[in-house]
Amino acid sequence: MAKRLVPLLNRILVEKIVPPSKTSSGILLPEKSSKLNSGKVVAVGAGARDRDGKLIPVTIKEGDIVLLPDYGGTEVKLGDKDYHLYRDEDILGTLHE
Amino acid sequence: MAKRLVPLLNRILVEKIVPPSKTSSGILLPEKSSKLNSGKVVAVGAGARDRDGKLIPVTIKEGDIVLLPDYGGTEVKLGDKDYHLYRDEDILGTLHE
Amino acid sequence: MAKRLVPLLNRILVEKIVPPSKTSSGILLPEKSSKLNSGKVVAVGAGARDRDGKLIPVTIKEGDIVLLPDYGGTEVKLGDKDYHLYRDEDILGTLHE
Amino acid sequence: MAKRLVPLLNRILVEKIVPPSKTSSGILLPEKSSKLNSGKVVAVGAGARDRDGKLIPVTIKEGDIVLLPDYGGTEVKLGDKDYHLYRDEDILGTLHE
Amino acid sequence: MAKRLVPLLNRILVEKIVPPSKTSSGILLPEKSSKLNSGKVVAVGAGARDRDGKLIPVTIKEGDIVLLPDYGGTEVKLGDKDYHLYRDEDILGTLHE
Amino acid sequence: MAKRLVPLLNRILVEKIVPPSKTSSGILLPEKSSKLNSGKVVAVGAGARDRDGKLIPVTIKEGDIVLLPDYGGTEVKLGDKDYHLYRDEDILGTLHE
Amino acid sequence: MAKRLVPLLNRILVEKIVPPSKTSSGILLPEKSSKLNSGKVVAVGAGARDRDGKLIPVTIKEGDIVLLPDYGGTEVKLGDKDYHLYRDEDILGTLHE
């Protein structure tokens with residue numbers, strides 16, 4: 001039942017990162033530390049087409065941790081997991097440690 | 001009475017996949033397993049035209065299983081069956097086992 | 001009084017097909033068989049112009065049976081008959097037996 | 001006081017055709033015969049400019065009998081007569097006997 | 001205090017023609033003769049720029065008598081006189097005796 | 001604390017001209033002489049970019065006296081003074097004595 | 001937990017400048033001196049793509065002090081600090097002492 005989704009055009013499939021409400025040593029984190037709306041990119045489309053029909057490749061790669069907009073995105077359930085589809089131009093940025 | 005429809009421009013004709021409410025061995029499936037709005041592509045247009053009048057071919061092929069948007073699409077009844085027409089840019093992705 | 005209309009740009013003139021409510025042998029057809037909104041193309045414009053002023057020819061031909069959108073189209077009465085004008089990009093597809 | 005108007009860009013000046021309510025032999029015509037909203041083209045602009053500033057000539061000519069849209073057009077009174085200005089792309093088609 | 005205005009882009013400066021309410025010999029004119037919304041062009045901009053930054057010259061010249069749209073235009077007071085600024089594409093046509 | 005602002009793209013920075021309510025010899029001016037919404041250009045951006053990324057230079061120069069639209073513009077306080085930012089395409093014209 | 005954000009396309013990340021309510025020698029500043037909505041650019045995207053898919057580089061650089069629009073921008077919390085993301089075309093100008 002677990003299906004694999006290949007996004008079309010410049011869509012990217014994101015698995016949202018749910019911030020831990022406790023640290024690994026068991027300390028409860030205050031609520032505001034969960035504010036960053038981020039996710040891990042699990043699949044990337046081939047890119048949108050420009051006005052001459054040529055592909056504009058997506059600059060985001062599978063595995064990137066991305067900052068997501070507060071609104072938008074389409075929820076998709078694949079197997080047991082919830083994912084979200086976004087257009088690459090709606091992704092705000094990539095996050096790095 | 002069963003007519004064949006050749007979609008125009010970048011329209012594609014989709015037969016929606018109705019998820020089984022029982023498995024083949026007769027076990028009732030919980031409702032949330034039916035959530036994926038998908039369909040099988042049965043006909044594909046020749047493509048939209050770019051601003052110079054050239055065809056931009058549709059990347060979706062007949063037989064593809066596609067993830068459909070929750071809204072949009074035009075219902076079409078051909079013979080006894082219900083189909084839906086979508087613009088290729090509105091199809092979210094292709095589904096693979 | 002019967003006038004001939006030559007549509008301008010990418011407009012096409014369609015005579016709607018009224019589905020028979022009885023078969024030729026006199027059997028009444030159930031209502032849902034009349035659902036397909038189709039028509040016969042009786043005249044086709046020379047095509048829209050692209051951004052450089054060049055003609056983009058209409059891919060629909062006189063005599064085509066077309067699937068019409070549920071909304072839109074301009075009613076035109078020529079002589080005793082009712083016709084509808086559509087832009088070619090609004091025609092959903094062509095129908096074939 | 002009768003002025004001549006040279007329309008600008010792709011505007012065309014139309015004198016609407018008021019359908020006779022009686023035939024020449026005096027027979028009253030039923031109302032529905034007056035339904036066609038048509039007019040005679042009395043002046044034509046030099047054409048709109050494309051995105052490079054080049055003229056796109058108007059394909060409608062002075063003297064053409066045209067089918068007019070039900071809405072739109074700007075009323076202009078020149079001397080004693082009422083005319084209407086339309087953009088050429090809004091004219092539905094040309095009418096021929 | 002009387003300033004000279006050089007319109008920018010494709011703007012043109014128009015002095016509206018107020019139709020006489022009496023003829024020169026003193027006869028009062030009926031109201032409907034004042035219906036034509038026209039003006040004399042007193043200054044013309046260098047033209048709008050196309051998408052490559054090139055100038056598209058204005059086809060209307062200083063001194064032209066123009067037919068104005070019923071709405072739009074920006075009122076400008078220069079010295080004692082009222083003028084109106086319009087974009088050249090909003091001017092309906094030029095008037096000639 | 002007085003900062004210098006370099007406007008970006010096709011923005012221009014304008015210091016509005018407040019019309020004197022008295023002449024230099026002390027005569028009070030009637031209210032309608034203050035109607036012209038004008039300003040002096042104090043800084044000009046490098047220009048907007050066309051669709052190929054090339055700069056379209058701004059035709060308005062520092063020191064120009066410009067006619068401003070009645071609406072729009074962004075108020076900016078630099079040091080003690082109030083300025084307004086406009087896009088160059090929104091400036092109606094240049095004023096000359 | 002402090003993450004680094006690389007903005008995508010023509011987005012820039014700004015740390016807003018909170019005006020001091022006291023001078024360094026302890027004098028309270030009047031409220032209106034805090035009116036300038038400015039910030040320091042801490043990260044810049046690679047640029048938007050034009051219609052042919054080519055990058056249009058962002059003209060704003062890391063370290064620039066910029067004048068921000070009163071509305072818009074997306075709040076982002078990275079570690080303990082609040083930042084704002086803007087599109088480069090929405091930045092009003094750069095500020096210099």
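All figures in this text were calculated on a predicted structure; none of them were measured in a lab.

Rules behind the numbers
Note that residues are indexed from 1 along each chain, following the sequence as it is written. Chains and ligands are labelled sequentially in the order written, the chains with letters from A and the ligands with numbers from 1. Where totals are concerned, whole chains, interfaces and linings use all residues; where local detail is concerned, this predicted model gives features only for residues with pLDDT of at least 70, and gives and counts side-chain atom pairs only at 80 or more. As a rule here, side-chain values cover all heavy atoms of the structure and leave hydrogens and water aside. Here a helix means four or more residues in a row that DSSP labels H or I, a strand means two or more in a row labelled E, and each is numbered from the N terminus. Should any heavy atoms of two residues lie within 4.5 Å, those residues are considered in contact. Shrake-Rupley sampling with a 1.4 Å probe provides the accessible areas, and residues are treated as covered by the protein chains on show and by no other component. A residue counts toward the fit only if its pLDDT is at least 70 in both copies, and the copies are then superposed by least squares on the C-alpha atoms of those residues. The term buried area means the drop in 1.4 Å probe accessible area that two parts suffer when joined, counted for both and summed. Each reported salt bridge corresponds to a side-chain nitrogen of Lys or Arg within 4 Å of a carboxyl oxygen of Asp or Glu. Put simply, buried Ala, Val, Leu, Ile, Met, Phe, Trp, Tyr and Cys residues joined by side-chain atoms within 4.5 Å make one nonpolar core. Categorising residues by exposure relies on relative accessible area from a 1.4 Å probe, with only protein chains included: less than 20% of the type maximum marks a residue as buried, more than 50% marks it as exposed, and the intermediate range marks it as partly exposed. Any two strands with at least two DSSP-identified bridges between them are counted as paired. For helices, the fitted line uses only the C-alpha atoms of the stretch in contact; every axis is such a line through C-alpha atoms, and the angle between N-to-C directions lies from 0 to 180 degrees. What qualifies as a polar contact is a pair of N or O atoms within 3.5 Å, subject to a donor-acceptor requirement within protein and to the restriction that residues adjacent in sequence count only when both atoms come from side chains. What pLDDT conveys is the predictor's confidence in a given residue, as a value from 0 to 100.

(A) Spatial organisation of the overall build of chain A. When helices and strands are counted, chain A shows 0 helices and 9 strands. Written out in order from the N terminus, the α and β elements of chain A read β-β-β-β-β-β-β-β-β. In chain A, of all internal contacts separated by at least 6 residues, the share reaching a separation of at least 24 is 63%. When the accessible area of chain A is evaluated, it comes to approximately 5,500 Å², of which 52% is carbon and sulfur surface.

(B) Structural context of the relation of the copies chain D and chain C. When chain D is brought onto chain C, the operation consists of a screw motion whose angular component is 52° and whose axial shift is 0.0 Å, with 0.0 Å RMSD remaining. When the interface residues of chain D are mapped onto chain C, a mere 10% of them again fall at the interface, so the copies present different faces.

(C) Representation of the relation of the copies chain A and chain G within the structure. Superposition record for chain A on chain G: RMSD 0.0 Å, screw rotation 51°, translation along axis 0.0 Å. Interface overlap between copies is the fraction of interface residues in one copy that are interface residues in the other; for chain A against chain G it is only 10%, indicating separate surfaces.

(D) Molecular detail of the interface of chain D and chain C. Contact residues are listed per partner, giving 20 residues for chain D and 19 residues for chain C. Between chain D and chain C, roughly 1,800 Å² of surface is buried when both sides are summed, and carbon and sulfur atoms account for 59% of that area. Considering only the side of chain D, the residues that lose the most area to chain C are D:Arg51, D:Leu92 and D:His96, jointly responsible for 29% of the buried surface there. Among the ionic pairs, C:Lys3 bridges to D:Glu97, the shortest N-O distance being 3.7 Å.

(E) Expanded view of the nonpolar core. E:Leu5, E:Leu13, E:Ala43, E:Val76, E:Leu78, E:Tyr83, E:Leu85, F:Leu36, F:Leu67, F:Leu92 and F:Leu95 form the largest nonpolar core, which has 11 residues in total. Mapped by element, the contributors of at least two residues to this core are strand S7 (74-78) and strand S8 (81-87) of chain E. Those residues within four positions of E:Leu85 in sequence are excluded, and the remaining contacts are E:Leu5, E:Pro7, E:Arg11, E:Ile12, E:Leu13, E:Gly73, E:Thr74, E:Val76, F:Leu67 and F:Leu92.

(F) Here's a closer look at the sheet that holds strand S9 (residues 93-96) of chain C. Taken in spatial order, the 7 strands line up as S1(B)-S9(C)-S6(C)-S3(C)-S2(C)-S8(C)-S7(C) in an open sheet, and their pairing is antiparallel. Edge strands, defined here as strands with exactly one partner in the open sheet, are strand S1 (4-7) of chain B together with strand S7 (74-78) of chain C. Going from strand to strand, the sheet's axes swing by 45° on average, the running direction of each strand aside.

(G) Structural context of the environment of C:Val41. Residues and elements named next belong to chain C. Along the chain, Val 41 falls in strand S3 (residues 38-44). Distance from Val 41 to Thr 59, taken between C-alpha atoms, is 12 Å for residues 18 residues apart in sequence. If we skip the residues at most four places from it in the chain, Val 41 touches Ile 12, Leu 13, Val 14, Ile 60, Lys 61, Glu 62, Gly 63, Asp 64 and Val 66.

(H) Highlighting the sheet that holds S8(E). One open sheet accounts for 7 strands, arranged S1(D)-S9(E)-S6(E)-S3(E)-S2(E)-S8(E)-S7(E); its pairing is antiparallel. Edge positions in the sheet fall to strand S1 (4-7) of chain D together with S7 of chain E, since each has one partner strand and no second. Strand after strand, the sheet turns through a mean of 45° between neighbouring axes, direction not considered.

(I) Seen up close, the side chain of F:Asn37. All names here are of chain F. In this fold, Asn 37 is placed in the loop between strand S2 (11-16) and strand S3 (38-44). Since its relative accessible area comes to 17%, Asn 37 is described here as buried. Polar side-chain contacts of Asn 37 include one of 3.0 Å to the backbone oxygen of Pro 69. The contacts of Asn 37, once residues within four sequence positions are left out, are Lys 16, Val 66, Leu 67, Leu 68, Pro 69 and Asp 70.

(J) Structural detail: the interface of chain A and chain G. With 21 residues of chain A at the contact, the number on the chain G side is 19 residues. Of the roughly 1,900 Å² buried where chain A meets chain G, counting both sides, 59% is carbon and sulfur surface. Our count for the chain A to chain G interface comes out at 5 residue pairs in polar contact (both at pLDDT 80 or more). When residues of the side of chain A that touches chain G are assigned to their parent elements, the largest contribution, 4 residues, is made by strand S9 (residues 93-96) of chain A. With 4 bridges connecting them, S9(A) and strand S1 (residues 4-7) of chain G associate as antiparallel partners. When the sheet's bridge partners are listed, A:Thr94 is paired in S1(G) with G:Val6.

(K) Main features of the pattern of salt bridges. All names here are of chain G. Going through the model one piece at a time under the given rule, you end up with 28 salt bridges over all chains. One salt bridge in this structure joins Lys 61 and Asp 64, with 3.5 Å as the shortest N-O distance. The class of Lys 61 is exposed, set by a relative accessible area of 52%. Assessed through its relative accessible area of 14%, Asp 64 is described here as buried.

(L) Just the pairing of S9(C), in detail. As judged from the 2 bridges shared by strand S6 (residues 65-67) of chain C and S9(C), these two strands associate in the antiparallel manner. When the sheet's bridge partners are listed, C:Leu67 is paired in S9(C) with C:Gly93.

(M) Inspection of the environment of C:Tyr83 at higher detail. Residue and element names in this part refer to chain C. Mapped onto the elements, Tyr 83 comes out in strand S8 (residues 81-87). When its relative accessible area of 13% is taken as the criterion, Tyr 83 is described as buried. Expressed as a C-alpha distance, the spacing of Tyr 83 and Tyr 71, which sit 12 residues apart in the sequence, is 15 Å. Residue contacts for Tyr 83: discarding those within four places in its chain leaves Leu 13, Val 14, Glu 15, Val 42, Thr 74, Glu 75, Val 76 and Leu 78.

(N) Summary view of the pairing of strand S7 (residues 74-78) of chain G. Residue and element names in this part refer to chain G. Bridge count for S7 against strand S8 (residues 81-87) is 5 bridges, and the pairing is antiparallel. Within S8, the residue paired with Thr 74 across the bridge is Leu 85. Counting the residues in the hairpin turn of S7 and S8 gives 2 residues, including Gly 79, whose phi is positive at 60°.

(O) Focus on the environment of E:Val41. In this structure E:Val41 comes out as buried when scored by relative accessible area, which is 1%. Residues E:Val41 and E:His84, 43 residues apart in the sequence, show an inter-C-alpha distance of 9.6 Å.

(P) Layout of the confidence of the model for chain A. Looking at chain A, the pLDDT average stands at 87 and 82% of residues meet or exceed 70. The ipTM assigned to the predicted complex is 0.82, against a pTM of 0.83.

(Q) How the structure looks around unusual backbone geometry. Residue E:Leu9 is not a glycine yet carries a positive backbone phi of 55°. Its relative accessible area of 23% is what places E:Leu9 among the partly exposed residues.

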